[in-house]
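# Observations on the three-dimensional arrangement
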Amino acid sequence: MPSILAARDDSAFPAPSAVYNWKVYALAFCASMGSSMFGYDSSFVGGAITLPSFVSRFGLGTSSSGLSAALSANIISTFQAGCFFGAIIMAYLAEKYGRKFPLVGCGLVYNVGTIVQVASTGSLSMIYVGRVLTGLAVGACTLVVPQYISECSPPAIRGRLIGVFEITFQFSQIVGFWVNFGVNQNLSGTSDAQWRLPFALQLAPGTFLIALMFFQPESPRWLIKTGKTDQAMESLCRIRCLPQDDDYIVWEVESVKEQLRHESELGATRPLGAKLKEIFQGENRGRLFLGMSFMMLQNLSGINALNYYSPRIFKSIGFSGTSVGLLATGVFGIVKATATLIFMCFGIDNLGRRKSMLIGSVGALVAMFYLGAYSKVSGSFEHTVQQDGGAYVAIVMIYIFAVFYAMSWNGIPWIFCAEVFPTGIRSLSLLFTTCMQWLGQFIIVYSTPYMMTSITYGTFLLFGCFLVIGTLVVFFLMPETKGLSLEEMNVLFNVKGFAMNQRKKADEIIALQRAAENVVNLKDNTDYVNIEGV
């Protein structure tokens, strides 16, 4: 009976069943504690700053609506600013020191930032400093965690394993949403414990990341790139559960070496300036454009407005009260996380990246346009509206948005960016795409309070329009990447034309290459037999 961890493998060198073992899933989960830090923060902070104890302790209740919006934007967006620079710093650290120990360092910095926030006794400055530190750690993790998982994954389940990054993010968001609801229901609004507990729980994912990464191997591809082939073989054998002389291990190591030699000939080992020139040349430029576009469009879809400001958004469609907003937000988190889990386990490597993005984009934009239309017709931004059928449909549309977003823009931009760039320039390319992610988040989380105050229902319509743009970008420019090895991405992106035809042509080229390799291998084996017979 085949293992439930196995998968259909159409790569150049099909992997033996031993490769699909629990160790590679454990590796993805341990590294994804960095994603857990990200997920918990993105869900808890928007609700935590609306808790009565936080409002009272930091004097937000005495502010005008405009000043209150500015303070909320500042508290939340300082995190994104830290993330932006954390990604830049990690680009250097990951190339110099590998993937494993810089991730341990991220956990340490994150915990220090958490302690600074919890220690605040009413000083917003300490909150800002702490959030910058936690942002530095999270930004660094979002650069290196998908890269680390991708470099350790068998091609047939690479999407599923990088999806663990997103699954962990989603379930950590659930924790953040419901922690806020729990403390609001059970702790006094006059007690500092009410707001300190959600902030203090940030220590959990940071500590898990530090502890769990000590038991994981370094990235084999990074080790090969730095000339440590023997250590790379040991790491691969440990992850793949195969001996060093296994044909699959030998093929995998040689494939990475061959790509690195090819990239070296193209100048990938040259200084930074030359690498930058290489990134912006030829088909590499197209990959970078797509990756950066996906990261920006992911934020412009409106998801981070919902993540960070969901209590206020639920209020805008007629559901008022701190408890009601937090409850609806918690359900939103459960719906999104469950949809993500199901899709990443059973859909991403079956349905593929391209079809998933197209289906999810269409569903999400329909939901977003309904929210805009309902808010306009009901006037829910101007006054409290009756909770009639239209209001309940609006709630349902938020959850429908969550489902369709989960199968598309939620995780696929991260998967796409982690798998399409050549090894020699992968870290530098991911720096650009990850910084674009954090720039997009900063823009959205900083501007959303102002947009909801000034353009009201137009906020939803704006997000819907960007989803239309995203759908068109995917349809014309995004090729299908499922099942290809990291080294075969060069073939796919060297094919000219629109995305709908690229994969078919690439498969034909790869099939011819495999046939040629089989002929060479057969000739080598025949020559060996002839020599033995002499």
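In this text the structure is predicted, and so the values were computed from the model without any measurement.

Each helix and strand in the protein chain was counted, giving 23 helices and zero strands. A burial count over the protein chain gives 59% of its 534 residues as buried. Only carbon and sulfur atoms are counted for the fraction: they give 68% of the accessible area of the protein chain, which is about 20,700 Å².

Before going further, it helps to spend a moment on the pattern of salt bridges. Evaluated as defined, the whole model comprises 14 salt bridges. Asp41 is the salt-bridge partner of Arg131, the closest N and O atoms lying 2.9 Å from each other. A residue pair is termed long-range when its members are at least 10 positions apart, and Arg131 in helix 6 (residues 124-152) and Asp41 in helix 2 (residues 33-48) qualify at 90 residues. A relative accessible area of 0% places Asp41 in the buried class. Here Asp192 ties to Arg57 by a salt bridge, and the two come within 2.8 Å at their closest N and O atoms.

Over its 19 residues, helix 14 (residues 282-300) runs 28 Å from end to end, which matches the ideal 27 Å to within 8%, given 1.5 Å per residue. A large share of helix 14 lies buried, amounting to 15 of its 19 residues.

Together, Phe289, Val468, Leu472, Phe475, Phe476, Leu477, Phe498 and Met500 give the surface a local cluster of nonpolar side chains, amounting to about 720 Å² of exposed area. Take the nonpolar patch: its biggest share by element is five residues, from helix 21 (residues 458-477). Mapped onto the fold, Phe289 is located in helix 14. For Phe289, a relative accessible area of 48% corresponds to the partly exposed category.

Let's shift gears to helix 13 (residues 272-279). Residues Ala274, Lys275, Glu278 and Ile279 constitute the buried set of helix 13. For helix 13, the arc enclosing every buried residue in end-on projection is 145 degrees, short of the 170-degree limit, so these residues lie on one face. Opposite the buried face of helix 13, by more than 90 degrees, sit the exposed residues Gly273 and Lys277.

Bringing the packing of helix 20 (residues 426-454) against helix 21 into the picture now. For the pair helix 20 and helix 21, the least separation of the axes is 9 Å and the interaxial angle reads 135 degrees. Compared by their axis directions, helix 20 and helix 21 come out oblique. Here Ile444, Thr448, Met451 and Met452 of helix 20 lie close against helix 21, whose contacting residues are Thr459, Leu462 and Phe463. In terms of residue class, the contact of helix 20 with helix 21 is built from five nonpolar, two polar and no charged.

The N-to-C vectors of helix 6 and helix 20 enclose an angle of 135 degrees; their axes lie 10 Å apart at closest approach. The angle between helix 6 and helix 20 falls in the class oblique. Considering only the axes of helix 6 and helix 20, their crossing is right-handed. Across the interface between the two elements, Val138, Gly139, Thr142, Leu143, Gln147 and Glu151 of helix 6 pack against Arg426, Ser427, Leu430, Leu431, Thr434 and Trp438 of helix 20.

We now examine the side chain of Asn410. Along the chain, the position of Asn410 falls in the loop between helix 18 (389-406) and helix 19 (412-420). Here Gln170 takes part through its side chain, which lies 2.9 Å from a polar atom of the side chain of Asn410. Contact partners of Asn410, with chain neighbours within four places excluded, come to Glu166, Gln170, Gln298, Lys336, Thr340 and Tyr405.

Okay, the packing of aromatic side chains next. Using the criterion set out here, one finds 25 aromatic pairs in the structure. Between the aromatic rings of Trp195 and Phe199, the centroid separation amounts to 5.5 Å while the plane-to-plane angle is 85 degrees, which identifies the pairing as edge-to-face. Of this pair, Trp195 and Phe199 both sit in helix 8 (residues 193-200), separated by four residues, roughly a single helical turn. Each member of the pair Trp195 and Phe199 is classed as buried. Feature note: the residues Tyr40, Phe44, Phe54, Phe58, Trp195 and Phe199 constitute an aromatic cluster, connected by ring pairs.

A few words now on the side chain of Ser32. Note on placement: Ser32 falls in the loop between helix 1 (22-31) and helix 2. Of the residues examined, Ser32 reaches a relative accessible area of 0% and is grouped as buried. Separated by 3.3 Å, the side chain of Ser32 and the backbone nitrogen of Phe165 make a polar contact. Contact partners of Ser32, with chain neighbours within four places excluded, come to Val145, Ile149, Val164, Phe165 and Thr168.

Even without being a glycine, Cys241 presents a positive backbone phi close to 60 degrees. Tracing the backbone through its elements, the reader meets Cys241 in the loop between helix 11 (229-240) and helix 12 (247-266). We note that Thr456 has phi near 45 degrees; this positive angle belongs to a residue other than glycine. Locating Thr456 in the fold gives a position in the loop between helix 20 and helix 21.

Glancing now at the environment of Val55. Tracing the sequence through the fold places Val55 in helix 3 (residues 52-57). What makes Val55 partly exposed here is its relative accessible area of 23%. Sequence separation between Val55 and Thr190 is 135 residues, and the spatial gap between their C-alpha atoms is 10.0 Å.

Scoring rules and cut-offs
- Residues numbered from 1 in each chain as written.
- Predicted model: local features only at pLDDT ≥ 70, side-chain atom pairs only at ≥ 80, totals over all residues.
- Heavy atoms only, no water.
- Helix = DSSP H or I, 4+ residues; strand = E, 2+ residues; numbered from the N terminus.
- Buried < 20%, exposed > 50% of the residue type's maximum accessible area, 1.4 Å probe, protein only.
- Areas by Shrake-Rupley, 256 points an atom, 1.4 Å probe, with all protein chains shown as cover.
- Salt bridge = Lys/Arg side-chain N within 4 Å of Asp/Glu carboxyl O.
- Expected span 1.5 Å × (residues − 1).
- Patch = residues over 30% accessible without salt bridge, like charges linked within 9 Å, V, L, I, M, F, W, Y side chains within 5 Å.
- Arc of directions from axis to C-beta.
- Axes fitted to C-alpha atoms, helices over the stretch in contact; angles between N-to-C directions.
- Parallel < 35°, antiparallel > 145°, perpendicular 65-115°, else oblique.
- Contact = heavy atoms within 4.5 Å.
- Nonpolar A, V, L, I, M, F, W, Y, C, P; charged D, E, K, R; others polar.
- Left-handed = near helix turned anticlockwise from the far one by under 90°.
- Polar contact = N/O pair within 3.5 Å; in protein donor to acceptor, adjacent residues only side chain to side chain.
- Phe/Tyr/Trp six-rings, centres within 6.5 Å; stacked < 30°, edge-to-face > 60°.

Everything listed here is a matter of geometry and, on its own, says nothing about what the molecule does.
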